[in-house]
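Understanding the architecture of this molecule
Listed below are the residues making up each chain.
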Amino acid sequence: EMDPQERAFQERIDAGEKIEPKEWMPDGYRKNLIRQIGQHAHSEIVGQLPEGNWITRAPTLERKAILLAKVQDEAGHGLYLYCAAETLGVSRDELFEMLHEGKMKYSSIFNYPTLTWADMGAVGWLVDGAAIMNQVPLQRTSYGPYARAMIRICKEESFHQRQGFDIMMKMANGTAAQKRMAQDALDRFWYPALMMFGPSDKDSVHSAQSMAWKIKMNTNDELRQKFVDQTVPQAEYLGLTVPDNDLKKNEETGHYDFTQPDWAEFFDVLKGNGPCNADRMAARKEAWDGGAWVREAMAAHAAKKKAAKLA
Ligand code: ACO
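Quick caveat, the model's predicted, so the values are computed rather than measured.

Things to note about the packing of aromatic side chains
Here the structure, examined in full by the defined rule, presents 12 aromatic pairs. Aromatic pair F9 and Y29: ring centres 4.9 Å apart, planes at 75 degrees, arrangement edge-to-face. Separated by 20 residues along the polypeptide, F9 in helix α1 (residues 4–14) and Y29 in helix α2 (residues 27–46) bring together distant segments of the chain. Summarising the burial analysis for this pair, F9 and Y29 share the class buried. Members of the aromatic cluster, connected to one another through ring pairs, are F9, W24, Y29 and W213. The cationic tip of R57 hangs over the ring face of W54; the distance from NZ or CZ to the ring centre is 4.3 Å. Over the face of the ring belonging to W288 we find R295, whose NZ or CZ atom lies 3.5 Å from the ring centre.

What follows is the structure, encoded as structure tokens:
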């Protein structure tokens, strides 16, 4: 039997109402949101690293300016999301601490290296493309601050996806060597991009409860299918080949049948064994430790101002 307060809460969710920070919510709802929003925020922040790698090596001034703006956008997304998580009663310091201690996750995708300039195209096109596919529905999520953060994030993600596709267009229509680089980037990022949507529905621990609470709006497999359906024609338009011999439009369902990613690899990356997990965490910890003096200086400045006001 559901307790009356929880039942009333569920009715509000079912009616499409937004839940706001100071309102009553079940503990599980709060915890699950902190987990998901925190993981999302960490993904935006760690997600700056693979692309930051190419800012100094972008081929033209224009490409450099675009990439710089995009990476700065990701920092901004992380900050809105930390703010949204803070409204649930967890501090930013606590969230960082949990990330650094390996108690919170960030997206598996950012544990793969970016080896060539074409990877900047593939990341924008596929990784940001997958991110939008997942985040557009989250604009309707039940928690007000999360839903509102998603609106601006999605606008910026669309620009990111377009800039990535534009790089792919240039590379795919460039010299034979450039086209090979574009194909190689697609080959390496295809399956990791499919993994971004999470494990298959039968292995998804949180989906059922998260969907009942509208913390999630779709299942992992639904969004993965939608992504494949949208992206395969784009690859064809680019003249590139999706690395899946069994990929085929199913005339009955209207959807593409496709090969699932290697789930053993996915769970291994989650455990910390991906190609770049150690590098990413080391870079984040170094940034945190290196920024300690800034945090101290700001706290000292704030204390001084407060004391001056009291005097
Ligand atoms: N990378 C790392 N961990 C993942 C991933 C992934 N791609 N997919 C699932 N997991 C983890 C889950 O966090 C969960 O572990 P936990 O219980 O320790 O937190 C476990 O695998 C089981 O998965 P699910 O039960 O299916 O997890 P969930 O319901 O949270 O679904 C999803 C995962 C779809 C990523 C969801 O959290 C979500 O929609 N998050 C918001 C979007 C987001 O975080 N995007 C980040 C990447 S995009 C970007 O930032 C540019």
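With respect to the packing of helix α7 (residues 144–172) against helix α8 (residues 176–195)
In a pair of packed helices, the angle between the axes and the distance between the axes together describe the arrangement. Between α7 and α8, the shortest axis-to-axis distance is 7 Å and the interhelical angle comes to 140 degrees. By the angle class used here, α7 and α8 are oblique. Across the interface between the two elements, M168, M171 and A172 of α7 pack against Q178, K179, M181 and A182 of α8. Of the residues that constitute the contact of α7 with α8, the class distribution is five nonpolar, one polar and one charged.

With respect to the site of the ligand
In the neighbourhood of the ligand, 28 residues make up the surrounding shell, with Q39, K105, S204, H206 and K216 lying closest. Separating an oxygen atom of the ligand from a backbone N or O atom of V205 is a distance of 2.9 Å. Across the complex, the protein chains shield 91% of the 950 Å² of accessible surface that the ligand would expose by itself. Where the shell around the ligand is concerned, the elements lending two or more residues are α2, α6 (118–138) and α11 (263–273). Of all the elements, α2 adds the most residues to the shell around the ligand, at six residues. A per-class count over the shell around the ligand returns 12 nonpolar, 12 polar and four charged.

What about empty space enclosed by the protein?
Enumeration over the complete set of coordinates arrives at one cavity of 30 Å³ or more. Considering only enclosed or pocket space, the largest cavity measures out at about 40 Å³ in volume. In this structure, the largest cavity is lined by P50, I109, F110, Y112, T114, V123, V127 and F189.

Looking at the nonpolar core
The biggest cluster of nonpolar side chains holds 50 residues, and the ones touching the most others in it are W117, W125, L126, F189, W190 and F227. Among residues more than four places away in sequence, those in contact with F189 are I109, Y112, P113, T114, D119, A122, V123, L126 and V127. Core analysis: the next-biggest nonpolar cluster, separate from the first, contains 26 residues, I19, M25, V90 and M150 among them.

Some words on the pattern of salt bridges
If you walk through the whole model with that rule in mind, you get 14 salt bridges. Between R63 and D166 there is a salt bridge, with the nearest N and O atoms lying 3.0 Å from each other. Of this pair, R63 sits in helix α4 (residues 61–86) while D166 is found in helix α7, placing the two residues 103 residues apart along the sequence. Of the charged contacts in the structure, one is a salt bridge between R188 and D119, with a shortest N-O distance of 2.7 Å. Of this pair, R188 sits in helix α8 while D119 is found in helix α6, placing the two residues 69 residues apart along the sequence.

What counts, and where the lines are drawn
Residues numbered from 1 in each chain as written. Predicted model: local features only at pLDDT ≥ 70, side-chain atom pairs only at ≥ 80, totals over all residues. Heavy atoms only, no water. Phe/Tyr/Trp six-rings, centres within 6.5 Å; stacked < 30°, edge-to-face > 60°. Helix = DSSP H or I, 4+ residues; strand = E, 2+ residues; numbered from the N terminus. Buried < 20%, exposed > 50% of the residue type's maximum accessible area, 1.4 Å probe, protein only. Lys NZ or Arg CZ within 6 Å of the ring centre and 35° of its normal. Axes fitted to C-alpha atoms, helices over the stretch in contact; angles between N-to-C directions. Parallel < 35°, antiparallel > 145°, perpendicular 65-115°, else oblique. Contact = heavy atoms within 4.5 Å. Nonpolar A, V, L, I, M, F, W, Y, C, P; charged D, E, K, R; others polar. Near = heavy atom within 4 Å. Polar contact = N/O pair within 3.5 Å; in protein donor to acceptor, adjacent residues only side chain to side chain. Areas by Shrake-Rupley, 256 points an atom, 1.4 Å probe, with all protein chains shown as cover. 1 Å grid on protein atoms, 1.4 Å probe; cavity = no way out; pocket = protein on both sides within 12 Å on 5 of 7 lines; lining within 4 Å. Points joined across faces, edges and corners; volume = space filled by probe spheres on them. Core = buried A, V, L, I, M, F, W, Y, C linked by side-chain atoms within 4.5 Å. Salt bridge = Lys/Arg side-chain N within 4 Å of Asp/Glu carboxyl O.

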